[in-house]
Amino acid sequence: MRLLITGSNGQLGQEFYRIKSLSKHKFLFTDYNQLNICSIDSINSYMSDIKVDCIINCAAYTDVRKAEVEREKAFDVNSNGVKNLVVYCEKTQTRLIHFSTDYVYNSLNKKPINEDELIDPQNYYGYSKREGEKHIENSKGESIVIRTSWLYSKYGNNFVNTIIDKSKTGKNLKVINDQFGCPTYAKDLAETVIKILEIDKRIDEKTKIFNYSNGGSTNWFDFAKKILKLYGSKIKIEPVDSEYFKDEAKRPKFSITSKQKIINTFNLEINNWDSSLTNYVINDLK
Ligand SMILES: NC(=O)c1ccc[n+]([C@@H]2O[C@H](COP(=O)([O-])OP(=O)(O)OC[C@H]3O[C@@H](n4cnc5c(N)ncnc54)[C@H](OP(=O)(O)O)[C@@H]3O)[C@@H](O)[C@H]2O)c1
């Protein structure tokens, strides 16, 4: 397959770059300067003499706090940009894999959240990502949306790297313990996308949305505790409520997703979050 990655300088985009040498597929990597998903002209111009089997859209506006004020920008990338890709992919019969977020949910019933559960984004980032999903849901093309959560990798700003960086200062840490969710190692997600494409299963029009994260669940405090233990840090860590930190964006307290649908549909096995974290900190971070 010929696979085109958009937003290739981001966390997930760079994981595709890392796995490309182990893959039998041909990858084309594009960053914002080569292919701006917000511009139809940019898409058409870049693609004018290229034909690919699938576009994997790693381009996104992902700053959850800033999205509260930079609303237009967040909407442009997370909704209009997706619409542009959908139009291109329908026209050229190209598959599209797109990523969304657990922040589209706000479950109150404390059971793992299924894809068809109530959508109720609590912040503007979640809202803009949901608007992007709708273009895929309404498209006739072979496209899917993978809703992921708590993503981390070697590249970019993420919770795991932040905790490790803070531990180097030697100062004690306060971390919230009342938000629950599912971490995702971006490398696992990138490998899963390739498996899904290789299975080449026709997707029912009504089932284009799938949750994906590593298995199991945790809260930010326990996640941080495990990161520090694996890293060998001796700093002290104290649990606090969400209210302790000022946050411009409201976040769901319970964000544990069910992965049963993606597992059953594509016959996948998913690594547990703590084994993937161990692999990341012990093997891949070096
Ligand atoms: N990070 C998380 O915890 C998390 C959680 C749930 C879901 N997700 C979803 O997972 C996907 C991957 O996230 P990520 O963490 O890899 O994001 P990321 O690191 O922020 O990467 C996004 C990339 O897209 C680029 N980009 C922005 N606007 C663009 C445009 N108009 N055209 C082309 N490229 C553009 C960015 O460039 P600049 O940096 O130059 O702007 C950046 O390189 C996203 O869809 C995100 O919403 C992430």
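Please read all numbers here as calculations on a predicted model, not as lab measurements. (Residues numbered from 1 in each chain as written. Predicted model: local features only at pLDDT ≥ 70, side-chain atom pairs only at ≥ 80, totals over all residues.)

K.L.:
Help me understand the overall build of the protein in this model?
P.N.:
Across its full length, the protein carries nine helices and 13 strands. For 286 residues, the compact-globule estimate of 2.2 N^0.38 gives 19 Å, and the C-alpha radius of gyration of the protein, at 19 Å, lies within 12% of that figure. By principal-axis analysis of the C-alpha atoms, the protein measures approximately 55 × 40 × 35 Å. Buried residues in the protein amount to 41% of all 286 residues. In the protein, 82% of the contacts between residues at least 6 apart in sequence involve partners at least 24 apart. (Helix = DSSP H or I, 4+ residues; strand = E, 2+ residues; numbered from the N terminus. Rg over C-alpha atoms; globule rule 2.2 N^0.38 Å. Buried ≥ 20, exposed ≤ 12 C-beta atoms within 10 Å, placed from the backbone. Contact = placed C-beta atoms within 7 Å.)

K.L.:
I'm lost on the sheet that holds strand 4 (residues 95–101) in this one. Help?
P.N.:
Two modes of strand pairing occur in sheets, parallel and antiparallel, and in both the strands are linked by backbone hydrogen bonds. In space, the six strands of this open sheet follow the order 2-1-3-4-5-10, with parallel pairing throughout. Across the chains shown, the open sheet's two edge strands, defined by having one partner strand only, are strand 2 (26–29) and strand 10 (209–211). Taking the axes of each pair of neighbouring strands and ignoring which way they run, one obtains an average angle of 20° across the sheet. As judged from the four bridges shared by strand 3 (residues 54–57) and strand 4, these two strands associate in the parallel manner. Within strand 4, the position partnered with Ile-56 by the bridge is Ile-97. Sitting on the sheet, helix 3 (residues 71–92) is in contact with strand 3, strand 4 and strand 5 (143–148), with an inclination near 160° to strand 4. (Pairing = 2+ DSSP bridges. Axes fitted to C-alpha atoms, helices over the stretch in contact; angles between N-to-C directions.)

K.L.:
Hey, could you run me through unusual backbone geometry in this one?
P.N.:
Glycine aside, residues mostly have negative phi angles, and peptide bonds mostly take the trans form. Its identity as a non-glycine residue notwithstanding, Lys-110 has a phi of 55°, on the positive side. If you check the backbone angles, Asn-267 has positive phi at about 55° while not being a glycine. In this fold, Asn-267 is placed in the loop between helix 8 (260–266) and helix 9 (273–284).

K.L.:
When you look at the nonpolar core in this model, what are you seeing that I'm missing?
P.N.:
Nonpolar side chains in soluble globular proteins generally cluster together in the buried interior. Core analysis: the largest hydrophobic core is formed by 62 residues, its most contacted members being Leu-12, Ile-56, Leu-85 and Leu-96. Element by element, the count of residues in this core is highest for helix 3, at six residues. In contact with Ile-56, not counting residues within four places along its chain, are Leu-3, Leu-4, Ile-5, Phe-16, Ile-97 and Val-193. (Core = buried A, V, L, I, M, F, W, Y, C linked by C-beta atoms within 7 Å.)

K.L.:
Where do I start with the site of the ligand in this structure?
P.N.:
If you check the shell around the ligand, you find 25 residues, and the closest are Gly-7, Gly-10, Gln-11, Ala-59 and Ala-60. Elements represented by at least two residues in the shell around the ligand include exactly helix 1 (11–19), helix 3 and strand 4. Taken together, the residues that form the shell around the ligand break down as twelve nonpolar, twelve polar and one charged. (Near = placed C-beta within 6 Å. Nonpolar A, V, L, I, M, F, W, Y, C, P; charged D, E, K, R; others polar.)

K.L.:
Would you take a moment to explain the sheet that holds strand 8 (residues 180–181) for this structure?
P.N.:
Taken together, three strands build an open sheet; the order of strands is 11-8-13 and the sheet is mixed. Only two strands of the sheet have a single neighbouring strand rather than two, namely strand 11 (218–219) and strand 13 (254–255).

K.L.:
For this particular structure, what's the right way to read the packing of helix 5 (residues 159–167) against helix 7 (residues 220–231)?
P.N.:
At a minimum axis separation of 10 Å, helix 5 and helix 7 run at an interaxial angle of 55°. Viewed along their axes, helix 5 and helix 7 adopt a mutual orientation that is oblique. Between helix 5 and helix 7 lies a crossing of right-handed hand. Touching Phe-159, Val-160, Ile-163, Ile-164 and Ser-167 of helix 5 are Phe-223, Ala-224, Ile-227, Leu-228 and Tyr-231, all from helix 7. (Parallel < 35°, antiparallel > 145°, perpendicular 65-115°, else oblique. Left-handed = near helix turned anticlockwise from the far one by under 90°.)

K.L.:
What should I look at first to understand the pairing of strand 5 in this one?
P.N.:
In the case of a regular strand, side chains alternate between the two sheet surfaces. Burial analysis of strand 5 places six of its six residues in the buried class, which makes it a mostly covered element. Of the two faces of strand 5, both are covered, the one formed by Ser-143, Val-145 and Arg-147 as well as the one formed by Ile-144, Ile-146 and Thr-148. Across six bridges, the pairing between strand 4 and strand 5 is parallel. Paired with Thr-101 across the two strands is Thr-148, which belongs to strand 5. By the bridge criterion, three bridges tie strand 5 to strand 10 in an arrangement that is parallel. Bridge pairing in strand 10 places Ile-146 opposite Phe-210.

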